[in-house]
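Listed here are the chains, written in short residue letters.
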Amino acid sequence: MVEAIKDFEIEIDKDEVCHHLGYQKDHSPNSSISSLIDEEMDEAYQLIQPSCFYQLMDIRGVHEPQVILEDGLTITSAVLSWVLTNCHKVSVFMTTIGEGLEDRVAQLMGDGKILKATVLDALGSGAAEKTACYLEERLSELAAADGSVITLRYSPGYCDWDITQQRVLFQAMDSAPLTVSLTEECLMVPRKSVSGIIGIGRADNKIIRHSPCRFCTKRNCPSRR
Amino acid sequence: MTDDIIEQIKQNVIQGRMDKEDEGFDGGMVGQPGVKELVQQALDMGTDPRRMVTEGLTEAMSIVGERFEAKDYFIPDMLASAETVGEAMDILAPHLAKSGMATKGKVIMATVKGDLHDIGKNIVSIILKGAGYEVNDMGADVTPERIVAIVTEEKPDFIGLSALLTTTMMAMKETIESLAEAGLRDKVKVIIGGAPTSAEFAAEIGADGYGADAFQAVRVVEELKQRS
Ligand code: B12
Ligand code: SF4
């Protein structure tokens, strides 16, 4: 069954937003840009509607590079088949901040306010990430309640997991009235949405909770974490 | 006097100051005239609008570009500067039309079929405008057919294609193939950009250039112009 979580609050991280705007570690915005970010932050909170959808599913088997879930749904990723080895379940999820913010960004763009639009868009990206983090925390609590732990969060299009596998996730959740939809090109609408999977396993079963990158040979991987 | 006000326009573009309310990147400039007021003032003084563009606006944006590459300026700074140039161009447009000023070239910008991301493409568009190019932005989800049609009609010098996902970047290849089929491939230079693309991918699909950010887009366009 697909569960929905709505009406919760998230906190946008200004540093993360600055990172999206291209500021690296030892740089920060000057005072006029910084106050613009603060102003738009207030606007962003008015515009976002964070919501999460998730579904718990049993893992039926792992045959590298495939992970077989309930109903024969198959995930193809060598890294995930390693990460999920000792898990018995996964949570498939979709999280979004809704359409309000991106509609406002489009309106600002149309008015030629490209600076404001870009700042608000970056705030939306930050909010989208925090919404996914919120779900991760909730799942971690849920798992802890019955002696389980969760893996990190993985999304199609990152790591060695092809973006077209978005279709598998949407198929897994197709019984529910989601507010997120998938285009033919595997783009989610609203745009500020994140989809993915989190593994769940018994706490005493050596669950891989760290990043797999240390053991990976894909040197120039853009998703390295 | 004239040189003076053009220099002031330039400095205020660099400070991203639209009007007198703005403090400027270095701060403390509230109350002094910004680009909007200065351009109007210069026009009233009879300053040549073409000089305002080339010696004021375009030169300022090239300094902004240098500061961006030196990591002294960041995306928001360059956008604030570019917005002041956009405003100045709006004020100057009717005067420039009268004086018959030519642009450096015409660029069509588009996010390819199936892709809806347009922030990156919009940033590239505004920076190319600031650099003195005429830019026609076709928006997002633009099919190869529409690109072929606009190239036939408007005969641009460049097309800039943007894509953000590996699934949609293949539409860039399709677009280039469609241009070839229509016999237009050698009539226009195609440059590409967006997160999953690269110089290698550009070469692979037969594009003429790749840019990782907006100022690189300007650089690639200028290089291609010199070569042709
Ligand atoms: C912020 C972000 C998000 C945010 C916001 C998404 C959005 N687009 O609004 C969130 C968290 C929601 C998100 C979600 C997802 N994302 Co994301 N995301 C990014 C990130 C970090 C930045 C994108 C961005 O907004 N950039 C800011 C703008 C201003 O930059 P830009 O568009 O790249 O444009 C600049 C240049 O590229 C260049 N340029 C652009 N166009 C052109 C054109 C020409 C001609 C030239 C010369 C230059 C040029 O100049 C621009 C200005 O500097 C990128 C990684 C990255 N570093 O780019 C991944 C990235 C785009 N995401 C990725 C993925 C996989 C996803 C998801 C599918 C993950 C998932 N399963 O949930 C989803 C998809 C969302 C959807 N709607 O379908 C992948 C895509 C790879 C792929 N396989 O296709 C990327 C590349 C990350 C990676 N793997 O390295 N994402
Ligand atoms: S480096 Fe990390 S993110 Fe990239 S493929 Fe390897 S495990 Fe995945």
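Residues numbered from 1 in each chain as written. Chains lettered and ligands numbered in written order. Predicted model: local features only at pLDDT ≥ 70, side-chain atom pairs only at ≥ 80, totals over all residues. Heavy atoms only, no water.

**Comments concerning the interface of chain A and chain B**
- Contacts between the two partners involve 27 residues from chain A and, on the opposite side, 23 residues from chain B.
- Here chain A meets chain B over a buried area of about 2200 Å², counting both sides, of which 68% is carbon and sulfur.
- Area buried by chain A at its contact with chain B is led by Ile114, Glu185 and Leu187 of chain A, which between them contribute 26% of it.
- Scanning the region where chain A abuts chain B turns up 1 salt bridge.
- A salt bridge links Asp118 of chain B to Arg191 of chain A, with the shortest nitrogen-to-oxygen separation between them at 3.8 Å.
- In this assembly, chain A and chain B are joined by 6 residue pairs in polar contact (both at pLDDT 80 or more).
- For the side of chain A that touches chain B, the secondary structure elements donating two or more residues are α2 (31–47), α4 (100–110) and α5 (114–145) of chain A.
- Sort the elements by how many residues they give to the side of chain A that touches chain B and α5 of chain A lands first, with 6 residues. (Contact = heavy atoms within 4.5 Å. Buried area = accessible area lost by both parts, 1.4 Å probe. Salt bridge = Lys/Arg side-chain N within 4 Å of Asp/Glu carboxyl O. Polar contact = N/O pair within 3.5 Å; in protein donor to acceptor, adjacent residues only side chain to side chain. Helix = DSSP H or I, 4+ residues; strand = E, 2+ residues; numbered from the N terminus.)

**Observations concerning the domain arrangement of chain B**
All names here are of chain B.
- Its domain assignment divides chain B into domain 1 (2–99) and domain 2 (106–227).
- Measuring from the centre of the C-alpha atoms in domain 1 to the corresponding centre in domain 2 gives 27 Å.
- If you look at the interface, domain 1 gives 13 residues, while domain 2 gives 10 residues.
- Of the roughly 880 Å² buried between domain 1 and domain 2 on both sides combined, carbon and sulfur atoms contribute 77%.
- The tally of links from domain 1 across to domain 2 stands at 1 salt bridge.
- With a closest N to O distance of 2.6 Å, Glu69 and Arg219 form a salt bridge. (Domains from an automatic or database assignment.)

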